[in-house]
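# Descriptive structure summary
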Amino acid sequence: MTEPKHTLVWNNCLNIIRDIIRPQSYRTWFEPVKAVRISGAVLTIEVPSNFFREYLEEHYIDLISKALKRELGKEAKLEYNVRVVTGEDVVTFPQQPTQEIKNKSVPFPNQAGNITNPFVIPGLQQLEIDPQLNPHYSFDNFIEGECNRLARSAGLNISANPGKGTFNPLFLYGGSGLGKTHLAQAIGISIKKQFPEKIVLYVSANRFQTQYMDATTVKNKLTDFLHFYQLIDVLIIDDVHEFAGKPGTQNAFFHIFSHLHSMGKQLILTSDKAPVDLQDLEMRLLSRFKWGLLAELLPPDYSTRVEILKAKSYKDGITLPEEVTNYIASRVSTNIREIEGTLISLLAQSTLTNRKINLDLAESLIEKLVTKNKPEISIDRIQKLVCEYFRIDPQHFLSASRKRELVQARQISMYLSRNLTKSSLASIGTQTGGRDHATVLHAYNTVCDLLDTDRSFRKYVVDIEKQLKSS
Ligand code: ADP
Ligand code: MG
């Protein structure tokens, strides 16, 4: 049986490449590659991951290109398919730009040509608004866990009924790197898929603010600005805490919000704090934020961290040894952005130093990362230490029991959480067995009083705080 042409051509290239590069590099970077197709002078090869493709491009493209031109002439071109392993299946997709998500064009009351909104694709009589959605932030890529279950399911619900349900606005809040932007975008993408005629727009609060400022400097532009936003069916504003202390922007946003809400349009807002903890925002806005559903994104629990590591490494075509996954999941716990960062560093280290990904490599990498920036003090850690200090069972600690020593331990832990972490009162409460922000505030004030009046109590708190800061 003769080999198909693409295999012959690629094998000839490999013969050349093998003689030139180190055997170890050849095994790492060329053995996993398969030729899949040839069409004219274009050879398509399949690579295990995007990371892999980028590495080939960066280090070997000249070499491959020379070898290929020898085989196919000056016109020779190389294309990639990236293989993605999803559970049992192997899915391949061509490395083409992901399909753009678009809005239909809409008539604009004023002259469309003059509007200087950055989201408007110029040159059209009618407006075409770029939805500003990033296809990578889809629900498919969003791992479900205890930490995001409510927010995710609210998001799915809204995607199926934008503007119709009671979840309007959807207010997503939580610390940095916990998936607010990803989830808000996923909702937008999913709505576009199910309701292509809806006009969706994602905008960061900062960008909204800049646009508003620009609009105020030119006559009549403010009306355009307001009209523009009133055209939107699904408006996603990311990081609304940035509106703090900017009354003009808040006022403009208030009018847009009210208009859209009354027309049954969907609003999705994200913030690093719950509305009760937001400062320097107008009451009328805060109260409207609470009209719909407030959903908090919490730091990922251990099993979600493991799932995220697995999913992200699969996507890069790599299966991490289980001990490595577990090790990273136990050491990097603050947020998902950090988990991703650690994984990328690990892949890069292994590629660049030609070392296999194993526990040694992961440990040495994390040692470096951890000594560089000490892990942030998390509510988790505070609770663990408080429980150890008072010899309390963590389950009792989180329970509803009002036993004196439990109440005191919880109060100390909530006090320290407020002082030593960036978490909101509401978030501290949720993570302390589902208590509300008023309970946390009360605990905080109680501890402050006791610190002034009770010396042995003061010693407990100081001791625990010292341990937290030194470990
Ligand atoms: P935030 O907006 O809350 O600061 P992001 O949405 O930017 O956080 O998330 C930080 C990173 O973590 C992004 O790359 C995002 O894709 C990823 N991420 C967050 N949550 C998840 C999740 N549940 N599953 C997979 N990836 C996630
Ligand atoms: Mg964000």
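Residues numbered from 1 in each chain as written. Chains lettered and ligands numbered in written order. Predicted model: local features only at pLDDT ≥ 70, side-chain atom pairs only at ≥ 80, totals over all residues. Heavy atoms only, no water.

### Description of the overall build of the protein chain
For clarity, the threshold we go by: Only runs of H or I of at least four residues qualify as helices and only runs of E of at least two qualify as strands under DSSP, and these elements are numbered from the N terminus. Throughout, exposure labels follow a simple rule: accessible area from a 1.4 Å probe, protein chains only, divided by the maximum for the residue type, with under 20% read as buried, over 50% as exposed, and the rest as partly exposed. The contact definition used throughout considers only heavy atoms, calling two residues in contact when any of these lie within 4.5 Å. Note on areas: Shrake-Rupley, 1.4 Å probe, and residue coverage restricted to the protein chains presented here.
A count of helical and extended segments in the protein chain gives 19 helices and eleven strands. For the protein chain, the C-alpha atoms occupy an extent of roughly 85 × 65 × 35 Å along the three principal directions. Counting every position in the protein chain, which comprises 471 residues, the buried fraction comes to 46%. Expressed as a percentage of contacts within the protein chain between residues at least 6 apart in sequence, the contacts between residues at least 24 apart total 72%. Carbon and sulfur atoms provide 50% of the accessible area of the protein chain, an area that totals close to 24,300 Å².

### Looking at the pattern of salt bridges
Condition: Salt bridge, as applied in this entry: a Lys or Arg side-chain nitrogen positioned within 4 Å of an Asp or Glu carboxyl oxygen.
One pass over the structure, following the stated rule, counts ten salt bridges. A salt bridge links Arg-149 to Glu-146; the nearest nitrogen and oxygen atoms lie 2.9 Å apart. Residue Arg-149 is classed as partly exposed on the basis of its relative accessible area, which comes to 36%. Of the charged contacts in the structure, one is a salt bridge between Lys-459 and Asp-463, with a shortest N-O distance of 2.9 Å. Taken as a pair, Lys-459 and Asp-463 lie in helix 19 (residues 455-470) at a separation of four residues, close to a single helical turn. Salt bridges here are not isolated pairs; linked through shared partners, they connect Glu-144, Glu-146, Arg-149 and Arg-152.

### Quick word on the layout of surface pockets
To be explicit about the condition: In this analysis a 1.4 Å probe is tested at points of a 1 Å grid over the protein atoms alone, and where it fits but cannot get out there is a cavity; an open set with protein on both sides within 12 Å along at least five of seven lines is a pocket; lining residues have an atom within 4 Å of a point. Grid points are joined across faces, edges and corners, and a volume is the space filled by probe spheres set on the points. When residues are sorted by character, Ala, Val, Leu, Ile, Met, Phe, Trp, Tyr, Cys and Pro go into the nonpolar class, Asp, Glu, Lys and Arg into the charged class, and all the rest, Gly among them, into the polar class.
In this structure, the second largest pocket occupies an estimated 810 Å³ of space. Around the second largest pocket sit 34 residues that line it, and Leu-178, Pro-299, Thr-334, Ser-423 and Gln-431 are the ones nearest its centre. When contributions to the lining of the second largest pocket are tallied by element, the ones reaching two or more residues are helix 14 (379-390) and helix 17 (425-431). The residue makeup of the lining of the second largest pocket, split by class, is ten nonpolar, 14 polar and ten charged.

### Thoughts on the domain arrangement of the protein chain
The condition is simple: The start and end points of each domain follow an automatic or database-based domain assignment.
You can read the domains of the protein chain as domain 1 (5-93), domain 2 (110-296), domain 3 (302-369) and domain 4 (379-470). For domain 1 and domain 4, the distance between their C-alpha centres works out to 57 Å.

### Observations concerning helix 16 (residues 404-420)
Which entries qualify depends on this criterion: To estimate the expected span of a helix, count its residues, drop one, and scale the result by 1.5 Å.
Taking 1.5 Å per residue, 17 residues should reach 24 Å; helix 16 reaches 24 Å between its end C-alpha atoms and fits that length. Across the 17 residues that make up helix 16, a large majority, 13, are buried.

### Quick notes on the environment of Gly-248
By the secondary structure assignment, Gly-248 is in helix 8 (residues 247-262). Gly-248 sits in the partly exposed class, given a relative accessible area of 28%. Sequence separation between Gly-248 and Tyr-173 is 75 residues, and the spatial gap between their C-alpha atoms is 23 Å.

### Focus: the nonpolar core
What counts here: We call a set of buried Ala, Val, Leu, Ile, Met, Phe, Trp, Tyr and Cys residues a nonpolar core when their side-chain atoms join them within 4.5 Å.
Phe-208, Tyr-229, Leu-235, Ile-237, Phe-253 and Phe-289 are the most contacted members of the largest nonpolar core, which has 36 residues in total. In contact with Phe-289, not counting residues within four places along its chain, are Pro-169, Phe-171, Val-240, Phe-253, Leu-269, Pro-275, Leu-278, Leu-281 and Leu-294.

### Thoughts on the sheet that holds strand 9 (residues 234-238)
We apply this condition: When DSSP finds at least two bridges between two strands, those strands are taken to pair. Each axis is a line fitted through C-alpha atoms, taken for helices only over the stretch in contact, and angles between the N-to-C directions span 0 to 180 degrees.
Read across the sheet, five strands follow the order 8-9-10-7-11 without closing on themselves; strand pairing throughout is parallel. Taken across any chain shown, the strands that pair with only one partner, and hence form the sheet edges, are strand 8 (200-204) and strand 11 (293-296). On average, each strand axis in the sheet is tilted by 15 degrees relative to the strand beside it, whichever way the strands run. Sheet analysis places strand 8 next to strand 9, joined by five bridges and oriented parallel. Following the sheet pairing, Tyr-202 is matched in strand 9 by Ile-236.

### Here's the deal with the packing of helix 14 against helix 16
The packing of two helices is summarised by the inter-axis angle and the distance between the axes. Note the threshold: The hand of a helix crossing depends on one turn: near helix anticlockwise from the far one by less than a right angle means left-handed, and clockwise means right-handed.
For the pair helix 14 and helix 16, interaxial distance at closest approach is 9 Å and the crossing angle is 145 degrees. For the element pair helix 14 and helix 16, the recorded crossing hand is right-handed. Residue-level contacts link Ile-379, Ile-382, Gln-383, Val-386 and Phe-390 of helix 14 to Ala-409, Ile-412, Ser-413, Leu-416 and Ser-417 of helix 16. A per-class count over the contact of helix 14 with helix 16 returns seven nonpolar, three polar and no charged.

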